[in-house]
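# What the coordinates show
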Amino acid sequence: MSDQGHQDWVNAVLENLAGAGEYGRPAVEFITSEKVHIGFRRQGKSTGAMVWPGRGIYLNPRFYSLKTAADDPYLLSLVAHEARHLQQGWLTTLSVYGELDAWKLGFRVYHALTNALPGPAIRELMGLPLNWDRAVLSRASRLMRDYAGKGYYSNLLPLYPLHMEIAYRVTHRLPGDPPSC
């Protein structure tokens, strides 16, 4: 398909994502204001999409192409998920905390479009609070692997963004805890 065909498809995807209301519109605003490229890049079979340096969201061509319906709810949830990662910055993106934040946004988009959630692992994950509780983040990591399969390596990520994980390991204080006297 031509460059114009690709851009027409991306425009249709963004229009449909905006249709997810309070969850989709901010993602679209970010993508358009930051001129985020949406394309395709080969990845492992346990990921549907990824971000890449240089402001790009890349869909896994094993599962998506320009022939994919631009209103596919899972596709739209992935675009929102990856846009959230670009907003977070790399330290947060490469943490279970960042993944939980992005997964929750993505599945809020999915739910807004379908009024459903795909399976018990996602229903439980959506009920978890987004906070610094290490038990919650460990549970979130497990649920992500239960849903995505064993090729999804959330268990290799630090629970907190790396600088916060290091601080926790040194001080044993949760992010936001006041210093002890």
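For the structure, check the block above.
Below is a short write-up of the structure. (Residues numbered from 1 in each chain as written. Predicted model: local features only at pLDDT ≥ 70, side-chain atom pairs only at ≥ 80, totals over all residues. Heavy atoms only, no water.)

### Observations regarding the overall build of the protein
Assigned secondary structure in the protein consists of eight helices and three strands. Overall, the protein shows an N-to-C arrangement of helices and strands of α-α-β-β-β-α-α-α-α-α-α. Relative to its length of 181 residues, the protein is compact, with a C-alpha radius of gyration of 17 Å against a globular reference of 16 Å. In terms of overall dimensions, the protein has C-alpha extents of about 60 × 35 × 30 Å along its principal axes. (Helix = DSSP H or I, 4+ residues; strand = E, 2+ residues; numbered from the N terminus. Rg over C-alpha atoms; globule rule 2.2 N^0.38 Å.)

### Examining the pattern of salt bridges
Within this structure, the stated rule accounts for six salt bridges. Note that R139 is salt-bridged to E124, the shortest N-O span being 2.8 Å. Of this pair, R139 sits in helix α7 (residues 134–148) while E124 is found in helix α6 (residues 120–127), placing the two residues 15 residues apart along the sequence. Given the relative accessible area of 33%, R139 is considered partly exposed. Looking at E124, the relative accessible area reads 35%, which means it is partly exposed. We note a salt bridge from R169 to E165, for which the minimum N-O separation is 2.9 Å. Taken together, the positions of R169 and E165, both in helix α8 (residues 162–171) and four residues apart, correspond to about one turn of that helix. (Salt bridge = Lys/Arg side-chain N within 4 Å of Asp/Glu carboxyl O. Buried < 20%, exposed > 50% of the residue type's maximum accessible area, 1.4 Å probe, protein only.)

### Description of a nonpolar patch on the surface
Among the surface-exposed residues, L91, L162, I166 and V170 lie close enough to one another that they form a single nonpolar patch of about 390 Å² accessible area. Here the element with the most residues in the nonpolar patch is α8; it accounts for three residues. Considering the arrangement of structural elements, one finds L162 in helix α8. Taking the relative accessible area as the measure of exposure, L162 reaches 44% and is therefore partly exposed. (Patch = residues over 30% accessible without salt bridge, like charges linked within 9 Å, V, L, I, M, F, W, Y side chains within 5 Å. Areas by Shrake-Rupley, 256 points an atom, 1.4 Å probe, with all protein chains shown as cover.)

### Describing the packing of aromatic side chains
Following the criterion strictly, the structure yields 11 aromatic pairs and no others. Centroid distance W103 to Y147: 6.0 Å. Interplanar angle 80 degrees. Geometry classified as edge-to-face. Of the two residues, W103 is situated in helix α5 (residues 96–114) and Y147 in helix α7; the sequence distance between them amounts to 44 residues. Judged by its relative accessible area of 6%, W103 is buried. Of the residues examined, Y147 reaches a relative accessible area of 28% and is grouped as partly exposed. On the basis of an interplanar angle of 80 degrees and a centroid distance of 5.5 Å, the ring pair of W132 and Y160 is categorised as edge-to-face. Of this pair, W132 sits in the loop between α6 and α7 while Y160 sits in the loop between α7 and α8, placing them 28 residues apart in sequence. (Phe/Tyr/Trp six-rings, centres within 6.5 Å; stacked < 30°, edge-to-face > 60°.)

### Side note on the sheet that holds strand β1 (residues 37–40)
Read from one edge of the open sheet, three strands run β1-β3-β2, paired in mixed fashion. Looking at strand neighbours, the two that pair on one side only are β1 and β2 (49–52), the edges of this open sheet. Strand after strand, the sheet turns through a mean of 25 degrees between neighbouring axes, direction not considered. As paired strands, β1 and strand β3 (residues 56–59) are joined by four bridges and run parallel to one another. The residue bridging H37 from the neighbouring strand is G56, located in β3. Most of the contacts of helix α1 (residues 3–18) go to β1, to which it runs at about 115 degrees, and overall it touches β1 and β3. (Pairing = 2+ DSSP bridges. Axes fitted to C-alpha atoms, helices over the stretch in contact; angles between N-to-C directions. Contact = heavy atoms within 4.5 Å.)

### Quick look at unusual backbone geometry
Unlike most non-glycine residues, N115 shows phi in positive territory, near 60 degrees. You can see N115 is positioned in the loop between α5 and α6. Even without being glycine, H172 reaches a positive phi, approximately 60 degrees. By the secondary structure assignment, H172 is in the segment after α8.

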